[in-house]
Structure formats: C-alpha cells, structure tokens
Amino acid sequence: MLEDVAAWEAALDESKFGKIRGERLGNVLLGCFVGARTPGVAEALKILYCDYAPLKVGGDLIFSLMRRAVRPYLGSSPLKLRTRARP
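(A) Geometry of the nonpolar core. Counting residues in each nonpolar core, the largest one holds 13 residues, and the members touching the most others are W8, L12, F17, L29, F33 and V70. Contributions of two or more residues to this core are made by helix 1 (2-11), helix 2 (14-21), helix 3 (24-37) and helix 5 (53-74). Ranked by the residues each element gives to this core, the list is headed by helix 5, at four residues. Every residue in contact with L29, bar those within four places of it in the chain, is listed here: W8, L12, F17, I20, M66 and V70.

If you want it as structure tokens, here you go:
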C-alpha cells in the first residue's frame, strides 16, 4: 500500500491533483501522501493493520476509495493499479 500511495503521489502532478484537491477525497488523499512519507506514522499503521482486524478492514476501505479517486486522473500512466489492497 505504501508503495502504491508513493507512486500515486509521484504520478499526480499539480494539473491532475489540482482537480481533486478541494474535494473531500482529495483532502484524505493528501493525508495519505503525508502519512506514507512519515516513517513513524507508516510503521505504526503497519503494526495496527496487521494486528487489529477492525483497523485492517477500515484501512482496506480507505485504500480502495483512494484508488478509485486517483484512477481517473492517472489516465494512460504506466502505473498499475492493484485490484486488492496489501500492506
């Protein structure tokens, strides 16, 4: 998941990301970008994701929503969007 979020951030330039920045999901996506770049946050979420089932379900849901939010803006990008979430 962290690799995917980092790839999305690299692939979404301002012209693409600017379209969703003001939307609610755009704000959540910004939080995902920052969290994925912050080692302490990323490590804590990995532990919770693996050890706490309700959080895993929530994490999978958020990841799925973010994947759907960025898909239209990646266009013909060679970035492969996975169909299943993974830590």
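Okay, back to it.
(B) Representation of a nonpolar patch on the surface within the structure. A cluster of nonpolar side chains, L25, V28, L61, I62 and L65, forms an exposed patch at the surface whose accessible area comes to about 380 Å². A total of three residues in the nonpolar patch trace back to one element, the largest contributor, which is helix 5. Along the chain, L61 falls in helix 5. The class of L61 is exposed, set by a relative accessible area of 52%.

(C) Here's a closer look at the packing of helix 1 against helix 3. One way to put it is that helix 1 packs onto helix 3 with a least axis distance of 9 Å and a crossing angle of 120°. Taken together, the axes of helix 1 and helix 3 are oblique relative to one another. Two packed elements cross with a definite hand, and for helix 1 against helix 3 that hand is left-handed. Taking contact as the criterion, the partners of L2, V5, W8 and E9 in helix 1 are, on helix 3, L29, C32, F33, A36 and R37. Grouping the constituent residues of the contact of helix 1 with helix 3 by class yields seven nonpolar, no polar and two charged.

Parameters and conventions
Residues numbered from 1 in each chain as written. Predicted model: local features only at pLDDT ≥ 70, side-chain atom pairs only at ≥ 80, totals over all residues. Heavy atoms only, no water. Core = buried A, V, L, I, M, F, W, Y, C linked by side-chain atoms within 4.5 Å. Buried < 20%, exposed > 50% of the residue type's maximum accessible area, 1.4 Å probe, protein only. Helix = DSSP H or I, 4+ residues; strand = E, 2+ residues; numbered from the N terminus. Contact = heavy atoms within 4.5 Å. Patch = residues over 30% accessible without salt bridge, like charges linked within 9 Å, V, L, I, M, F, W, Y side chains within 5 Å. Areas by Shrake-Rupley, 256 points an atom, 1.4 Å probe, with all protein chains shown as cover. Salt bridge = Lys/Arg side-chain N within 4 Å of Asp/Glu carboxyl O. Axes fitted to C-alpha atoms, helices over the stretch in contact; angles between N-to-C directions. Parallel < 35°, antiparallel > 145°, perpendicular 65-115°, else oblique. Left-handed = near helix turned anticlockwise from the far one by under 90°. Nonpolar A, V, L, I, M, F, W, Y, C, P; charged D, E, K, R; others polar.

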